[in-house]
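Chain residues, written in single-letter form:
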Amino acid sequence: MKILVINAGSSSLKYQLIDMENEAVIARGNCDRIGIDGVLSYKAVGKGEIKREYPFPDHTVATRTVLESLTTGDLAVIQDISEIGAVGHRIVHGGNYFMESVRVDKQGDVISKIEACKTLAPLHALPNAAGIRACMDAMPNVPHVAVFDTAFHSTIPDYAKTYALPTDLCEKYSIKKYGAHGTSHKFVSRKAAEFLNRPVNELKMVTLHLGNGSSISAIDRGICVDTSMGLTPLAGPLMGTRCGSIDPAIVTVLMDNERHADGTPLTGMEINNIMNKKSGVYAVSGGYSDFRDLEAHAAGGDKRCALAWNMFAYQCKQIMAGYIAILGGVDTIVFTAGVGENGPNTRAKICDNLYDCFGIEIDPEKNDVYGKLAEIGSSRSKVHVLVVPTNEELMIARETMEVADRA
Ligand code: ADP
């Protein structure tokens, strides 16, 4: 079966066509600048690629272009859209509605619940729903499956996901820990077990998805029992431009005291913007959000970059160690995403000095690995330390096939 995976954002729609016979990507692309002007980047694996301007007034037109790119011209990879067996949609937030992937019904129940999550995922819920609608219009006879970033975390126990705020407020605003990056944590935990040739339900793991956004999960025999992102993807270690978990009173100090030039106070949205886009290692380092820049400047003696990098490693270590305690030990540490896969020095800093207490040790030579599945633990390490490239699209395709087959 060939599965089309769609990731619809507010102004972009990324897609991959995957052949599930061998789990190989046949083609991938991105419709960018939707609602502004429009650029299509498209690559047919083994055939070639194009980048072309297109008018993308909305997601419906972008979806039509996706299907055209796959079926017409020199770079066509299928003759007809009927060759697509199912469509998997990446959905950022499932709220309290979805604990697992579901088939999208034609009556619109699933779509309206995704839209109802807009207070929890203001930037993503409506574009995600628009993407599904547009694809269902273009491919009405194919199963469409919604795969949620939050679903893998729905197994987190109440004592780990409840916030200690008045219950009526938590209920009114659906406030609890939902986490994010669930599809990635699930994928790498399964891949790590496969690599170790052990059933996932025998392993205690801590998975570190470290990219521009970073989250860490505790996975007890395949089941997620805690994760560092919270109600939103702002919690956890500091990130590229996000502040991570901070004393919540800082928010009220800013609201009560910080003023615009005209004396008006900052709105909640403005403070949210500061915490999401102007904070993190970017703020501490004085303008670097990319970990490659951070590392290079820290190595060159820049103290602010060194501080930001040290803070990141410190906070990741702290969260990882807490998760090892709640798991009652650990068999496997997994590093994934941009920094996790390509940042040996960051991996080394996070795992530094953990042999005597946790039996975790990285081998410096094995750690010299970039974007490849590999064991980097030393020969005496009692814990496997792995680099596992993530593949969220493939995980979405696998879930889509499973749900489509079930239906
Ligand atoms: P996103 O959260 O946007 O998906 P990614 O997972 O792509 O982010 O990660 C992006 C981060 O990975 C950037 O900070 C980038 O600097 C970092 N990265 C990529 N290659 C390297 C490298 N060789 N060394 C250190 N960091 C790297």
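Scroll up for the structure.
Here goes a summary of the coordinates provided. (Residues numbered from 1 in each chain as written. Predicted model: local features only at pLDDT ≥ 70, side-chain atom pairs only at ≥ 80, totals over all residues. Heavy atoms only, no water.)

Here we look at the overall build of the protein
- When helices and strands are tallied, the protein shows 15 helices and 14 strands.
- The globule rule puts the C-alpha radius of gyration for 407 residues at 22 Å, and the 22 Å found for the protein is close to it.
- Burial status across the protein gives 49% buried among its 407 residues.
- Across the protein, the fraction of contacts at a sequence separation of at least 24, relative to all contacts at a separation of at least 6, is 60%.
- Accessible surface computed for the protein: about 19,000 Å², of which carbon and sulfur atoms make up 51%. (Helix = DSSP H or I, 4+ residues; strand = E, 2+ residues; numbered from the N terminus. Rg over C-alpha atoms; globule rule 2.2 N^0.38 Å. Buried < 20%, exposed > 50% of the residue type's maximum accessible area, 1.4 Å probe, protein only. Contact = heavy atoms within 4.5 Å. Areas by Shrake-Rupley, 256 points an atom, 1.4 Å probe, with all protein chains shown as cover.)

Considerations on the packing of aromatic side chains
- Inspection of every chain in the model, using the stated rule, returns 5 aromatic pairs.
- Ring centres 4.4 Å apart and planes at 10° place the aromatic pair Phe98 and Phe148 in the stacked group. Of this pair, Phe98 sits in the loop between β6 (84-91) and β7 (102-103) while Phe148 sits in strand β8 (residues 144-148); the two residues are 50 residues apart in sequence, bridging distant segments of the chain. Assigned by exposure class, Phe98 and Phe148 land together as buried.
- The rings of Tyr97, Phe98 and Phe148 are connected pair by pair, giving a single aromatic cluster. (Phe/Tyr/Trp six-rings, centres within 6.5 Å; stacked < 30°, edge-to-face > 60°.)

Remarks on the pattern of salt bridges
- Enumeration over the complete set of coordinates arrives at 13 salt bridges.
- Of the charged contacts, one joins Arg133 and Glu115 as a salt bridge, the two residues approaching to 3.0 Å between their closest N and O atoms. Residue Arg133 is located in helix α3 (residues 125-138), and its partner Glu115 is located in helix α2 (residues 109-116); the two are separated by 18 residues in the primary sequence.
- On the accessibility criterion, Arg133 (40% relative accessible area) is partly exposed.
- Judged by relative accessible area, Glu115 falls into the partly exposed class, the value being 22%. (Salt bridge = Lys/Arg side-chain N within 4 Å of Asp/Glu carboxyl O.)

Structural notes on unusual backbone geometry
- Positive phi, close to 60°, is recorded for Arg33, a residue that is not glycine.
- For Arg33, the position within the fold is in the loop between β3 (24-32) and β4 (39-44).
- Positive phi, normally seen in glycine, also occurs at Arg221, with a value near 50°.
- Mapped onto the elements of the fold, Arg221 is located in the loop between β10 (214-220) and β11 (223-227).
- Looking at Arg221, the relative accessible area reads 44%, which means it is partly exposed.

Looking at the packing of helix α11 (residues 303-327) against helix α13 (residues 344-351)
- Relative orientation of the contacting elements α11 and α13 amounts to 50°, with a least axis distance of 8 Å. As judged from the angle between their axes, α11 and α13 are oblique. As α11 runs across α13, the sense of the crossing is right-handed. In this structure, α11 contributes Trp309, Asn310, Phe312, Ala313, Cys316, Lys317 and Met320 to the contact, and α13 contributes Asn345, Thr346, Lys349, Ile350 and Cys351.
- Residues belonging to the contact of α11 with α13 are distributed by class as follows: 7 nonpolar, 3 polar and 2 charged. (Axes fitted to C-alpha atoms, helices over the stretch in contact; angles between N-to-C directions. Parallel < 35°, antiparallel > 145°, perpendicular 65-115°, else oblique. Left-handed = near helix turned anticlockwise from the far one by under 90°. Nonpolar A, V, L, I, M, F, W, Y, C, P; charged D, E, K, R; others polar.)

What to know about the nonpolar core
- Val206, Leu208, Met320, Ile333 and Ile360 are the most contacted members of the largest nonpolar core, which has 37 residues in total.
- Taken together, the elements giving at least two residues each to this core come down to β9 (204-210), β10, α10 (291-299), α11, β12 (332-336), α13 and β14 (384-387).
- Tallying contributions element by element places α11 first for this core, with 11 residues.
- Setting aside its immediate chain neighbours within four residues, Met320 contacts Val206, Leu208, Ile333, Ile350, Cys351 and Leu354.
- Listed in part, the 28 residues of the second largest apolar core include Val147, Ile219, Cys224 and Ala404. (Core = buried A, V, L, I, M, F, W, Y, C linked by side-chain atoms within 4.5 Å.)

Looking at the sheet that holds β9
- The sheet built from 6 strands is open, its strands ordered β11-β10-β9-β12-β14-β13 with mixed pairing. Here the strands that pair on one side only, and so sit at the sheet edges, are β11 and β13 (374-375). (Pairing = 2+ DSSP bridges.)

Let's talk about the sheet that holds β7
- The strand order across the open sheet formed by 8 strands is β5-β4-β3-β2-β1-β6-β8-β7, and the pairing between neighbours is mixed. Whereas interior strands pair on both sides, the edge strands pair on one side only; in this sheet they are β5 (48-53) and β7.
- With 6 bridges joining them, β4 and β5 adopt antiparallel strand pairing. From the neighbouring strand, Ala44 faces β5, where its bridge partner is Gly48.

Observations concerning the site of the ligand
- Contacts to the ligand come from Gly211, Asn212, Gly213, Asp290, Phe291, Arg292, Ala337, Gly338, Val339, Asn342 and Gly343.
- Residue Gly213 places a main-chain N or O atom 3.2 Å away from an oxygen atom belonging to the ligand.
- Between a nitrogen atom of the ligand and a main-chain N or O atom of Asn342, the distance comes to 2.9 Å.
- Of all elements in the fold, only α10 and α12 (337-342) reach the threshold of two or more residues within the shell around the ligand.
- No other element matches the 4 residues that α12 contributes to the shell around the ligand.
- Of the residues that constitute the shell around the ligand, the class distribution is 3 nonpolar, 6 polar and 2 charged. (Near = heavy atom within 4 Å. Polar contact = N/O pair within 3.5 Å; in protein donor to acceptor, adjacent residues only side chain to side chain.)

Regarding the pairing of β9
- Burial runs high along β9: 6 of the 7 residues are buried.
- Taken together, the 7 bridges between β9 and β10 define a ladder with antiparallel strand orientation. Considered in β10, the bridge of Met205 is made with Ile219.
- Here β9 folds back onto β10 in antiparallel fashion, the turn holding 3 residues.

Interpretation in functional terms is not warranted from these geometric data alone.
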